[in-house]
Amino acid sequence: MTPEQLASPIGNMKLLEAQNKTAFLSSRHTPESCYDAIRTWLDSLSPEHDVVLVGNLQRLESYVFQGLIKRNIPAILVLSTPYPELWPTYVVDAIGEGRLLIISTSYFSLPWMDRYDVAFDRNKYMIEKSERVVVGMCRPGGFLSQQLAVAKQVTILNEYQHPGKAQTDEPTPQTEQPQSETQHDNDLTPTSGNVETTI
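Everything quoted here is computed from the prediction, not taken from an experiment. (Residues numbered from 1 in each chain as written. Predicted model: local features only at pLDDT ≥ 70, side-chain atom pairs only at ≥ 80, totals over all residues. Heavy atoms only, no water.)

1. Quick word on the side chain of Arg122
- Mapping Arg122 onto the fold places it in helix α4 (residues 115-129).
- The exposure class assigned to Arg122 is buried, which follows from its relative accessible area of 4%. (Helix = DSSP H or I, 4+ residues; strand = E, 2+ residues; numbered from the N terminus. Buried < 20%, exposed > 50% of the residue type's maximum accessible area, 1.4 Å probe, protein only.)

Structure below.
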């Protein structure tokens, strides 16, 4: 994917030049029991030493993105849909402070591509641009596990758990607003203030 095939990035382009970029990826339907390890990983990050690429296609990715924002960790938000017309206040603030870059790979996608193709292209871009990949959970034999074969360095935070064995698909802390399983990038709806989550 070349720069000509991307929409004009928004935010701090210097984040792409960092030598310590980590991409966060995960299979869908990550159970609540996996979130402790993800929170511990978020807490281990440093604003001075880390840059994290993350998407916003699923609830877990949105959870991680907001965790990065709350901890002031520089982030590259990689969307697979066009940019929304308006951004939430916490996103605007992070851009203004130079700790966020937003990129959309949707302009590389073709009209006939389904959501799996779009997600595959987005993941491919994130893996190519990062020095390491941290995975919340990975389903054996899934397309994510195939893509990880070309990653430089991979850390998997949780062993795979079959959705049928999970008590719940996602955690629902009191201050977190649960989102639909059909969450899309352009659901980054504007708000009147910063979003607070239990992260």
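2. A word on the packing of aromatic side chains
- Applying the stated rule across the entire model yields four aromatic pairs.
- For the pair Phe24 and Trp41, a centre-to-centre distance of 5.4 Å together with 20 degrees between the ring planes defines the contact as stacked. With Phe24 in strand β2 (residues 21-25) and Trp41 in helix α1 (residues 35-44), this pair connects stretches of sequence that are 17 residues apart.
- Of the residues examined, Phe24 reaches a relative accessible area of 0% and is grouped as buried.
- Between the aromatic rings of Phe65 and Tyr90, the centroid separation amounts to 6.3 Å while the plane-to-plane angle is 50 degrees, which identifies the pairing as tilted. You can see Phe65 sitting in helix α2 (residues 59-70) and its partner Tyr90 sitting in helix α3 (residues 89-96), a full 25 residues away along the chain. (Phe/Tyr/Trp six-rings, centres within 6.5 Å; stacked < 30°, edge-to-face > 60°.)

3. Some remarks on the environment of Thr155
- As for its placement among the helices and strands, Thr155 is situated in strand β7 (residues 154-156).
- Once the C-alpha coordinates of Thr155 and Val133 are considered, the two residues, 22 residues apart in sequence, prove to be 6.3 Å apart.

4. A short note on the sheet that holds strand β3 (residues 51-54)
- Strand order in the open sheet formed by seven strands is β1-β5-β4-β3-β2-β6-β7, with mixed pairing between adjacent strands. The outermost strands of the open sheet, each flanked by one partner alone, are β1 (10-11) and β7.
- In this sheet, strand β5 (residues 100-104) lies alongside strand β4 (residues 75-79) in parallel orientation, the contact comprising five bridges. Considered in β5, the bridge of Val78 is made with Ile103.
- The sheet strands contacting α3 are β1 and β5, and the helix crosses β5 at an angle near 115 degrees. (Pairing = 2+ DSSP bridges. Contact = heavy atoms within 4.5 Å. Axes fitted to C-alpha atoms, helices over the stretch in contact; angles between N-to-C directions.)

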